[in-house]
Amino acid sequence: MSQPLAITTSVKDVNESIIFPPGDIYSDEPPLESDLHREQIDLLIRLIKWWWRDRQDFYATGNLTIYFSPNQKKSEEFRGPDFFVVLDTEKKDRKSWVVWQEDGKYPNVIIELLSNSTASVDKGLKKQIYQNTFRTPDYFWFDPNNLELQGFHIVDGQYQELVPTESGWLWSQQLGLYLAVYLGKLRFFTPDRQMVMLPEEESNQQLQQTNQQLQQTNQQLQQTNQELEQERERSAILTERLRAAGIDPEQIF
């Protein structure tokens, strides 16, 4: 009697048996909570893109769906982060972030903006998904209304809360930047505590520096003119005294 053939299933066979949804999927995000949330998201995206303007190996966006389940278009319990950055990927526009079309990559950094309707999910379910499924190294949340800022970094598979500096700043290991609140907005700061600026802010700063230099130059010119005027007055007084003494000043030299 012949023996039955052994049945073996490889990982490749399993992957090939899964029907993945098409990768060209549009984002499916709900409206933002407020103008504050929209402005904050836009600010973070513009800042990191300008700061890394010479790099082509990252993707930064916000309020965009992350599709990560091969069995369905999106999770029943999850939508896209308010702001996220993926490193070591192609810098190009996308309709959404489809993990199975992006070499299995998940965000390296996620920032959620809290609101009354989302705070419990951002601090609970989403934090759990980012830790256990995404394995996102750096996770932060920020409340644009009360300016609450908190951050976490994965250590041995678990999120550990980041200890802020004395100034309340939080370090993002993945970005190589600090996160801190400045004038009511969440901003990025360099390791030497310089604020990452938008191009128009850099232009304004350069313009201010130029104006300051012009003011200093004008002050120096005014001081020089005053010194020259004082010297002319002294020369005129000396000339009058010489003439009063019967000496022709032009004959002295």
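Just so we're clear, the structure is a prediction, and the values are computed from it rather than from any experiment.

Asks: Please explain the overall build of the protein as it appears in this structure.
Replies: A tally of regular secondary structure across the protein gives 5 helices and 11 strands. Restricting to contacts in the protein with at least 6 residues of sequence separation, those with at least 24 account for 58%. For the protein, the accessible surface area stands at approximately 16,000 Å², while carbon and sulfur atoms represent 48% of it.

Asks: In this structure, what is going on with the sheet that holds strand 11 (residues 185-189)? I would like to understand it.
Replies: One key point about sheets: their strands pair by backbone hydrogen bonds, in either a parallel or an antiparallel sense. Pairing in this open sheet of 3 strands is antiparallel, and the strands run 9-10-11 from one edge to the other. Of all strands in the sheet, those with a lone pairing partner are strand 9 (170-172) and strand 11, marking the two edges. For this sheet the average axis-to-axis angle between neighbouring strands, irrespective of direction, equals 35 degrees. Note: strand 10 (residues 177-182) against strand 11, 5 bridges, orientation antiparallel. Each residue of the ladder has a partner; that of leucine 179, found in strand 11, is phenylalanine 188.

Asks: Would you mind going over the packing of aromatic side chains with me for this structure?
Replies: Considering all chains together, one arrives at 16 aromatic pairs under this definition. When the centroid spacing of 5.1 Å and the interplanar angle of 70 degrees are considered together, the rings of tryptophan 52 and phenylalanine 58 count as edge-to-face. As far as burial versus exposure is concerned, tryptophan 52 and phenylalanine 58 are alike and both buried. Taken together, the aromatic side chains of Phe68, Tyr106, Tyr130, Phe134, Tyr139, Trp141, Phe152 and Tyr159 make up a single cluster linked through ring pairs. Taking the ring centre of tryptophan 50 as reference, the NZ or CZ of arginine 53 above it sits at 3.9 Å. A cation sits over an aromatic face here: arginine 193 above tyrosine 178, 4.8 Å from the ring centre.

Asks: So what exactly am I meant to see when it comes to the side chain of aspartate 122 here?
Replies: Checked against the element boundaries, aspartate 122 lands in helix 3 (residues 119-123). According to the relative accessible area criterion, aspartate 122 is buried, its value standing at 2%. If we ignore the near neighbours within four places in the chain, the residues touching aspartate 122 are Glu112, Leu113, Leu114, Lys127, Tyr139 and Trp141.

Asks: I tried to follow the nonpolar core on my own but got confused; where do I start?
Replies: Ile48, Phe83, Val85, Ile111, Leu175 and Phe188 are the most contacted members of the largest nonpolar core, which totals 26 residues. Those elements that place two or more of their residues in this core are helix 2 (35-51), strand 1 (58-61), strand 3 (83-87), strand 5 (109-113), strand 6 (138-142), strand 10 and strand 11. No other element matches the 6 residues that helix 2 contributes to this core. Those residues within four positions of phenylalanine 83 in sequence are excluded, and the remaining contacts are Leu44, Ile45, Ile48, Thr61, Gly62, Val109, Ile110, Ile111 and Phe188. Within the second largest apolar cluster, 21 residues are counted, among which are Leu64, Ile66, Ile110 and Phe152.

Asks: Help me understand the pairing of strand 6, please; the structure alone is not making it clear to me.
Replies: Regular strands place side chains that alternate from one sheet face to the opposite one. When you tally the buried positions in strand 6, you get 5 out of 5 residues, the bulk of the element. Neither face of strand 6 is open: one carries Asp138, Phe140 and Phe142, the other Tyr139 and Trp141, and all of them are buried. Here 5 bridges tie strand 5 to strand 6, and the two strands are oriented parallel to one another. Note that in strand 6 the partner of valine 109 across the bridge is aspartate 138. Summarising the sheet, strand 6 and strand 7 (residues 149-155) pair through 5 bridges and their orientation is antiparallel. Across the sheet, tyrosine 139 pairs through a bridge with phenylalanine 152, a residue of strand 7. Linking strand 6 to strand 7, which pair antiparallel, is a turn of 6 residues; within it leucine 147 sits at a positive phi near 65 degrees.

Asks: Would you take a moment to explain the sheet that holds strand 3 for this structure?
Replies: Read from one edge of the open sheet, 6 strands run 1-3-5-6-7-8, paired in mixed fashion. Looking along the sheet, the strands with just one partner apiece sit at the ends: strand 1 and strand 8 (158-161). Each strand axis lies, on average, 15 degrees off the axis of its neighbour in the sheet, ignoring direction. Most of the contacts of helix 2 go to strand 1, to which it runs at about 160 degrees, and overall it touches strand 1, strand 3, strand 5 and strand 6.

Asks: Help me out: how do you make sense of the pattern of salt bridges in this one?
Replies: Side chains that differ in charge, positive against negative, can pair when their charged atoms come close. In this structure the tally under the stated criterion is 12 salt bridges. Residues arginine 94 and glutamate 102 are paired through a salt bridge, measuring 2.7 Å at the closest nitrogen-oxygen approach. Glutamate 102 matches arginine 94 in its accessibility class, with the two residues each being buried. Residue aspartate 122 pairs with lysine 126 through a salt bridge whose shortest N-O separation is 3.9 Å. In this structure lysine 126 comes out as buried when scored by relative accessible area, which is 10%.

Definitions and cut-offs
- Residues numbered from 1 in each chain as written.
- Predicted model: local features only at pLDDT ≥ 70, side-chain atom pairs only at ≥ 80, totals over all residues.
- Heavy atoms only, no water.
- Helix = DSSP H or I, 4+ residues; strand = E, 2+ residues; numbered from the N terminus.
- Contact = heavy atoms within 4.5 Å.
- Areas by Shrake-Rupley, 256 points an atom, 1.4 Å probe, with all protein chains shown as cover.
- Pairing = 2+ DSSP bridges.
- Axes fitted to C-alpha atoms, helices over the stretch in contact; angles between N-to-C directions.
- Phe/Tyr/Trp six-rings, centres within 6.5 Å; stacked < 30°, edge-to-face > 60°.
- Buried < 20%, exposed > 50% of the residue type's maximum accessible area, 1.4 Å probe, protein only.
- Lys NZ or Arg CZ within 6 Å of the ring centre and 35° of its normal.
- Core = buried A, V, L, I, M, F, W, Y, C linked by side-chain atoms within 4.5 Å.
- Salt bridge = Lys/Arg side-chain N within 4 Å of Asp/Glu carboxyl O.

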